[in-house]
Amino acid sequence: FFDFAAGEPECMERIRTIRRDKQRARTPSKMIPAIPCSLTFLATALSLLLLLQTLVTFSDALSQSLPPPERLRRLLDAELDGTSQTDHPILLPCCYDGLTARLIARAGFEATFMTGFGISAARGYPDTQLVSYREMLDSCSMVSEALAGAALELGTDPLPCIADGDTGYGNAMNCKRTVHGYGRAGMGGIMIEDQVSPKRCGHVGGKSVISFDEAVMRVKAACDARDEYESLNGKGTGPLILARTDSLVTDGFEDAIQRCLAFRDAGCDMTFLEAPQTVEQMKEYCERVSGPKLANMLEYGSTPVLPPKELKAMGYTLAAYPLTLLSASIKAMNQSLELIKNGEPTDDMILSFGETKDAVGFTRYGEQEDKYKA
């Protein structure tokens, strides 16, 4: 850099010149007034506010993109840690097709449950596992698509749905396939039970359960499938496992409790002790089994139907209403059929045509049709 041939004095003078130039560059010009401290603080505060707004916007974007299992898990966590700020558990009106899923979403519920009883009924069968895995999987896709469509109309996140997985439709490997299939179909959770296949509704006679150890291994397989699915598709994507036991009627209350405890040890996310017959049994279940618990509020079934507020105080995290919509629709259809048969008007039984069109999605369809007209 320096020409040392010029001699040491000249080199040293060049070094001193460079140092003076650097010192001048670091010294503020006297022509530029110093910014007052108050303005400096204000500028810093505004920068922090803008940063905070950016973070909030980013957080909102993330929450809107959460997969269904993660949305369900956050609902459960809010119930368990007391941040849900409601006096009732997560209410689950049960759907069985695209229309009932849409209606539940439009009514403002947080989540739903796809009922195997309803799926079977809509296909003209009783709930005795005459409906196959493939038919249930098709129903999962139908419900998932309907919930997504309703969310677009409402400007909200799609409701997470727990779907009835019956016995897993075979052995442990079939059970794992079922969990993966329901995950790909967009379900937030899946219920796996310990009945012997073919299973049947938990509130009718004639059911039987597999052995204790086999039941635990069935649930363990489902939990492993959940974790495998998440390892393949990312955190929060694996369908949550709702482990159900029907052994109370066949093997007694204590056996049912022990199965729920073992299911928790196997890794399930939620438990469901089916058909407790007294309030005392419901309370003891909630006291002895940890984690999220589901109450099955089947009108005219074996379990006492309690107000949601009482269920939450007891320790239940979720309350399912499996047949309310199905039963109400059957009653309304039978009444309407009777009116038609007798030649009487049905006006008091039905919605206006405009309301019916809106319920099934014509309103949004028309808006989208106009948007893309050439």
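Residues numbered from 1 in each chain as written. Predicted model: local features only at pLDDT ≥ 70, side-chain atom pairs only at ≥ 80, totals over all residues. Heavy atoms only, no water.

Peer 1: Now, about the packing of helix α4 (residues 98-106) against helix α6 (residues 133-154): what can you tell me, with residues and values included?
Peer 2: At their nearest, the axes of α4 and α6 sit 8 Å apart, and the two run at 35° to each other. When you trace α4 past α6, the crossing you get is right-handed. For the pair α4 and α6, contact is made by G98, A101, R102, A105 and R106 and by M142, V143, A146, L147, A150, E153 and L154, respectively. Residue composition of the contact of α4 with α6, grouped by class: eight nonpolar, one polar and three charged. (Axes fitted to C-alpha atoms, helices over the stretch in contact; angles between N-to-C directions. Helix = DSSP H or I, 4+ residues; strand = E, 2+ residues; numbered from the N terminus. Left-handed = near helix turned anticlockwise from the far one by under 90°. Contact = heavy atoms within 4.5 Å. Nonpolar A, V, L, I, M, F, W, Y, C, P; charged D, E, K, R; others polar.)

Peer 1: Describe the packing of helix α7 (residues 172-184) against helix α8 (residues 212-233), and please don't skip the residues or the numbers.
Peer 2: Axis separation between α7 and α8 bottoms out at 8 Å; the angle between their running directions is 40°. Taken together, the axis directions place α7 and α8 in an arrangement best described as oblique. Handedness of the crossing formed by α7 with α8: right-handed. Residue-level inspection shows A172, C175, K176, V179, H180, G183 and R184 of α7 in contact with α8, the latter providing R218, A221, A222, D224, A225, R226, E228, Y229 and L232. Of the residues belonging to the contact of α7 with α8, the class tally is eight nonpolar, two polar and six charged. (Parallel < 35°, antiparallel > 145°, perpendicular 65-115°, else oblique.)

Peer 1: Help me get a handle on unusual backbone geometry, residues and values and all.
Peer 2: At Q85, a residue that is not glycine, the phi angle is positive and equals roughly 55°. Its identity as a non-glycine residue notwithstanding, Y300 has a phi of 65°, on the positive side. For Y300, the position within the fold is in the loop between β7 (294-296) and α12 (308-314).

Peer 1: So what's going on with α7? Residues and values would help.
Peer 2: In an α-helix there are 3.6 residues to a turn, and that puts residues three or four apart on one side. Between its terminal C-alpha atoms α7 stretches 19 Å, which fits the 18 Å expected from 13 residues at 1.5 Å a residue. Here the buried face of α7 lies against α6, β3 (161-164), β4 (189-193), α8 and β5 (240-245). Between the side-chain oxygen at the start of α7 and the backbone nitrogen of M173 there is a gap of 3.1 Å, and the oxygen is on N171. Following α7 by one or two positions, G186 adopts a phi angle in the positive range, close to 95°. (Expected span 1.5 Å × (residues − 1). Polar contact = N/O pair within 3.5 Å; in protein donor to acceptor, adjacent residues only side chain to side chain.)

Peer 1: Tell me what's going on with a nonpolar patch on the surface, and back it up with residues and numbers.
Peer 2: Taken together, L99, L103, V360 and F362 make up a surface patch of nonpolar side chains, about 360 Å² in accessible area. Note that L103 resides in helix α4. (Patch = residues over 30% accessible without salt bridge, like charges linked within 9 Å, V, L, I, M, F, W, Y side chains within 5 Å. Areas by Shrake-Rupley, 256 points an atom, 1.4 Å probe, with all protein chains shown as cover. Salt bridge = Lys/Arg side-chain N within 4 Å of Asp/Glu carboxyl O.)

Peer 1: Any details on the pattern of salt bridges? Residues and values, ideally.
Peer 2: The final tally for this structure, using the stated rule, is 20 salt bridges. Of the charged contacts in the structure, one is a salt bridge between R288 and E254, with a shortest N-O distance of 2.9 Å. Here the residue R288 occupies a position in helix α11 (residues 279-288), and E254 occupies one in helix α10 (residues 253-266), the gap between them amounting to 34 residues. Its relative accessible area of 38% is what places E254 among the partly exposed residues. (Buried < 20%, exposed > 50% of the residue type's maximum accessible area, 1.4 Å probe, protein only.)

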